[in-house]
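# A structural walkthrough
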Amino acid sequence: MKTSNPVLARLGQAAERERSAGYAPAGPYGQPGIPQQYPSQAGYPAAPPTVAPMTVDDVVVKTVALLGILGITAAAAWVLVPDALVGTAWIGAAVVGLVLGLIISFSRMANPALVIAYAVVEGVFVGMVSKAFETAYDGIVLQAAAASFGIFFLMAMLYKAKIIRASRAFVKGMIAVMAGLFAVMMINLVLALFGVNTGLRDGSPLAIGFSLVCIVVASLSFVLSFKEIEDGVRMGLPQRYSWVAAFGILVSLVWLYIEILRLLSYFQGDD
């Protein structure tokens, strides 16, 4: 099964090597296939190595688990971290989360421990950001969370109904746009550290427009995740890769939530 995603293409090659070592592809409904029999040295049939294939249910379970970890960590950080250390914890978690996210994104092997560690760190980050915004604008966290999950479920329904599909051109375009936005945000962050205001995060019309663009792109990034899950199941990727798929959804949700939080704060700045 061909895919336009280069990472999934590499993972598909890894899955093929595992199948050649005794793993049978999934059946039509995602159930494990029947592995071949291999003779043992004693002349009796030995049980071959079996690897369960990834299913959509696996991704759902892993995603819920990661969201639970993030939510618990965020709540704990909100309660336990003193107000004086909110900024330090915020920045530290953001840096560590960025490093872990890049490692997971560019790694060819699924590592559940890294993905779980990322969820914990992002929980601290989300907890600190949420606490800061909620202190300034009462009720904004609940609004942003509801909007984020609402958009996620809307995109899931649109994808399931095939109203939005991830064509090859769509995937390439989204990757290019997301890379461009990431570069712009990193440059803006560096300039901000030196006291340079680019207007992208100050509540101005330009900032509002930039946040709207980020929200649209973050919402469409769910389509990429759904496509990756669909391709991964069809390619018979091993079950552990469901952690990588869940990681992708978590990244998009956190990004979407932060951007909605920012946008809402712009309209409540004078309250």
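Nothing here was measured: the structure is a model prediction, and the numbers come from that model.

### Quick word on the UniProt feature "transmembrane region" (unreviewed entry) in the protein chain
In the UniProt entry, the feature "transmembrane region" (unreviewed entry) is given for residues 59–81, 87–106, 113–133, 139–159, 171–194, 206–229 and 241–258. In residues 59–81, helix accounts for 96% and strand for 0%; the two terminal C-alpha atoms are 32 Å from one another. Summarising residues 206–229: 100% helix, 0% strand, and an end-to-end C-alpha distance of 35 Å.

### Focus: the environment of Thr 73
Looking at the secondary structure, you find Thr 73 in helix 2 (residues 56–80). We classify Thr 73 as buried; its relative accessible area is 16%. Measuring from C-alpha to C-alpha, the distance between Thr 73 and Val 126 comes to 8.9 Å, with 53 residues separating the pair along the chain. Once you skip the residues sitting within four places of it in the chain, Thr 73 turns out to touch Val 120, Gly 123 and Val 124.

### Structural notes on the pattern of salt bridges
The final tally for this structure, using the stated rule, is five salt bridges. For Lys 131, the salt bridge goes to Asp 83, with nearest N and O atoms at 2.9 Å. A residue pair is termed long-range when its members are at least 10 positions apart, and Lys 131 in helix 4 (residues 112–136) and Asp 83 in the loop between helix 2 and helix 3 (86–106) qualify at 48 residues. We classify Asp 83 as exposed; its relative accessible area is 61%.

How each quantity is defined
Residues numbered from 1 in each chain as written. Predicted model: local features only at pLDDT ≥ 70, side-chain atom pairs only at ≥ 80, totals over all residues. Heavy atoms only, no water. UniProt positions renumbered as here; feature names shortened; annotations may be inferred. Helix = DSSP H or I, 4+ residues; strand = E, 2+ residues; numbered from the N terminus. Buried < 20%, exposed > 50% of the residue type's maximum accessible area, 1.4 Å probe, protein only. Contact = heavy atoms within 4.5 Å. Salt bridge = Lys/Arg side-chain N within 4 Å of Asp/Glu carboxyl O.

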